[in-house]
Amino acid sequence: MYTLGIDIGSTTSKCVILEDGSKIIAKSLVQAGTGTDGPERAYNEILDASKLKKEDIAHIVATGYGRAIYTSANADMSELSCHAKGVHFLFPDVRTIIDIGGQDAKVIRLNQQGIIDSFLMNDKCAAGTGRFLDVMANILQISINELEVYASKADNPVKISSTCTVFAESEVISQLAKGVTIENVVAGICESVASRVAALAKRNRVEEKVYMSGGVAQNAGVRNALAKELGTEILFSEYSQYMGALGAAIAAYEKWRKETGGKDHE
Ligand code: ADP
């Protein structure tokens with residue numbers, strides 16, 4: 001039997017399909033989040049990719065910022081619980097999750113059973129989130145995927161000292177005008193995000209192993225700067241951005257089992 005998790009974020013929509021609660025059989029991602037047709041497109045794309053039909057999906061759980069207004073799911077669940085479930089499923093040794101998404105950053109500590117011990121969140125300020133990177137990539141006229149490439153070529157990263165995204169934008173422009181290379185500016189931007197999230201993580205005691213989830217996990221510039229700030233290795237995987245959707249698919253399986261006693265309707 002198949003369950004589906006959908007994570008409707010501020011900037012992206014992600015889906016994961018699980019077979020029998022244990023095997024990931026497909027994933028999809030659309031660069032459009034809540035309030036758009038992104039969730040529906042991600043849902044249709046994953047059905048195409050898995051060659052499944054709507055009727056084949058036994059249960060759907062929605063998570064993410066837009067979960068409450070999504071009407072095609074059987075239930076919804078918080079992002080914190082879903083990230084914890086997803087990470088614990090693939091990496092049971094992880095005790096700290098750092099999730100940096102499009103509009104917030106969360107630090108979640110788990111116990112051995114994968115239950116949340118504590119968490120802290122920054123959802124008040126764009127600095128220290130993917131939004132900061134999106135704004136900066138836009139003014140530098142480079143794609144979000146290229147940030148890590150530029151950062152890796154820096155020889156003297158510039159320090160971005162503004163604590164506000166709007167002021168940081170002017171700071172970046174003035175650094176470029178002074179002749180600082182784009183590589184050193186980009187590395188400084190990645191370090192700025194990392195230092196803000198590291199400060200949040202330190203307030204919540206960082207316990208190894210540390211795993212990074214959310215879209216920003218794909219940026220090696222931020223990952224490396226975070227590892228340096230925290231003095232620990234940062235794990236990540238191709239599923240980092242899908243952890244919320246994966247956790248939702250696991251929750252869907254658990255709910256289905258509870259409701260049906262584990263008996264398939266076929
Ligand atoms: P949300 O669930 O809030 O939509 P995600 O966890 O999907 O957020 O992350 C979206 C963020 O991830 C974007 O704001 C963007 O900055 C960042 N991102 C996405 N792809 C990449 C990439 N290849 N490299 C760096 N950052 C990325």
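The structure displayed is predicted, hence computed values, not measured ones. (Residues numbered from 1 in each chain as written. Predicted model: local features only at pLDDT ≥ 70, side-chain atom pairs only at ≥ 80, totals over all residues. Heavy atoms only, no water.)

Caption draft 1: Region of the structure containing the pattern of salt bridges. Tallied over the full model, the rule gives 11 salt bridges. Taking the shortest distance from any N to any O, the salt bridge between Asp 37 and Arg 41 comes out at 3.0 Å. Taking relative accessible area as the criterion, Asp 37 reaches 45% and is therefore assigned partly exposed. Since its relative accessible area comes to 38%, Arg 41 is described here as partly exposed. Here Arg 205 ties to Glu 207 by a salt bridge, and the two come within 3.0 Å at their closest N and O atoms. What emerges from the salt-bridge pattern is a single network uniting Glu 79, Asp 99, Asp 104 and Lys 106. (Salt bridge = Lys/Arg side-chain N within 4 Å of Asp/Glu carboxyl O. Buried < 20%, exposed > 50% of the residue type's maximum accessible area, 1.4 Å probe, protein only.)

Caption draft 2: Expanded view of the sheet that holds strand S2 (residues 13-19). Reading across from one edge, S3-S2-S1-S4-S5 is the order of the 5 strands in this open sheet, with mixed pairing throughout. Sheet topology places strand S3 (23-30) and strand S5 (75-76) at the edges, where each strand pairs with a single neighbour. Bridging between S2 and S3 involves 7 bridges; their strand directions are antiparallel. Residue Cys 15 lies in a different strand from S3, and its bridge partner there is Ser 28. (Pairing = 2+ DSSP bridges. Helix = DSSP H or I, 4+ residues; strand = E, 2+ residues; numbered from the N terminus.)

Caption draft 3: Geometry of the environment of Ile 116. The residue Ile 116 is located in strand S8 (residues 116-122) in this model. Its relative accessible area of 29% is what places Ile 116 among the partly exposed residues. Here the alpha-carbon distance between Ile 116 and Arg 95, two residues 21 residues apart in the chain, equals 9.3 Å. In contact with Ile 116, not counting residues within four places along its chain, are Leu 80, Ser 81, Ala 84, Ile 108, Arg 109 and Leu 110. (Contact = heavy atoms within 4.5 Å.)

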